[in-house]
Amino acid sequence: MSNENVRVPPRWFERLAWRAHRGIYRISRGRLGLWRPKPGKWGAFRLTTIGRRSGQERSVILGYFEDGDDLVTMAMNGWTAGAPMWWRNLQDHPEARVDVKGGSFPVRGREAEGEERDRLWARWAELDDDLD
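These numbers were taken from a predicted model, which means no experiment stands behind them.

Colleague: Tell me about the sheet that holds strand β1 (residues 43–50), and please be specific about residues and values.
Modeller: Strand order in the open sheet made by the 5 strands is β3-β2-β1-β4-β5, with antiparallel pairing throughout. Since the sheet does not close on itself, it has two edges, and those belong to β3 (70–72) and β5 (103–108), each with one partner. Direction aside, the axes of adjacent strands within the sheet are offset by 45° on average. Here helix α2 (residues 85–92) sits on the sheet in contact with β1, β2 (57–67) and β4 (95–100), set at roughly 55° to β1.

In structure tokens:
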């Protein structure tokens, strides 16, 4: 499928949806907004990084799946080109925190490369039919 045939929401809608998701998480004090992956489905976690310029904590909710002990997400910026800020933050400060349904723990972010990257991309494609 070519990208020209894919309908994507306008950027303002993406940002509104992200804010709403974070708002639901915050208002519910973490009871809503995160879920564990299920067979054939991805989950949602909250990643807190340190801002590369500000030094302040920055949080974002991302889709993920588990690969052994690793939590795997994609550094995509919605449907917009360019690296997301959370990924740029991780590149400068790889130590971060993840909140999952039922707990929180420290993580160290890194980019998958080579065969590992290909394998993980194929796994995402199994979980998301619209992945391009």
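Colleague: A description of the environment of Lys38 should follow, citing residues and the corresponding values.
Modeller: Secondary-structure assignment places Lys38 in the loop between α1 (11–27) and β1. When the C-alpha atoms of Lys38 and Phe65 are compared, they prove to be 8.7 Å apart, with 27 residues separating the residues in sequence.

Colleague: Before we move on, could you go through the pattern of salt bridges and cite the residues and values that matter?
Modeller: Applying the stated criterion across every chain, the model contains 11 salt bridges. Arg119 is the partner of Asp67 in a salt bridge, and the nearest nitrogen-oxygen pair spans 2.9 Å. Of this pair, Asp67 sits in strand β2 while Arg119 is found in helix α3 (residues 114–127), placing the two residues 52 residues apart along the sequence. Overall, Asp67 belongs to the partly exposed group, its relative accessible area being 22%.

Colleague: Any details on the pairing of β5? Residues and values, ideally.
Modeller: Across 6 bridges, the pairing between β4 and β5 is antiparallel. By the bridge assignment, Val100 is partnered in β5 with Gly103. Here β4 hands over to β5 after 2 residues, with Gly102 in that stretch at a positive phi of 100°.

Colleague: How would you sum up the environment of Tyr25? Please name residues and give values.
Modeller: Relative to the helices and strands, Tyr25 is located in helix α1. The class of Tyr25 is buried, set by a relative accessible area of 14%. C-alpha separation for the pair Tyr25 and Arg119, spaced 94 residues apart in sequence, amounts to 31 Å. Dropping the residues within four chain positions of it, Tyr25 is found in contact with Gly30, Leu32, Leu34, Arg46, Ile61 and Asp99.

Calculation rules
Residue numbering note: each chain is counted from 1, following its sequence as written. Since the coordinates come from a predicted model, pLDDT governs what is reported: local features require at least 70, and pairs of side-chain atoms require 80 or more to be given and counted, while whole-chain, interface and lining totals use all residues. As a rule here, side-chain values cover all heavy atoms of the structure and leave hydrogens and water aside. Pairs of strands are assigned from DSSP output, requiring at least two bridges between the strands. The helix count covers DSSP runs of H or I at least four residues long, the strand count covers runs of E at least two residues long, and both are numbered beginning at the N terminus. Helix axes are fitted to C-alpha atoms over the stretch in contact, other axes to C-alpha atoms as well, and angles between N-to-C directions run from 0 to 180 degrees. In this analysis, two residues are considered to be in contact whenever any of their non-hydrogen atoms come within 4.5 Å of each other. In what follows, salt bridge is the name for a side-chain nitrogen of Lys or Arg lying within 4 Å of a carboxyl oxygen of Asp or Glu. Relative accessible area decides the class of each residue, using a 1.4 Å probe on protein chains only: under 20% of the type maximum gives buried, over 50% gives exposed, and in between gives partly exposed.

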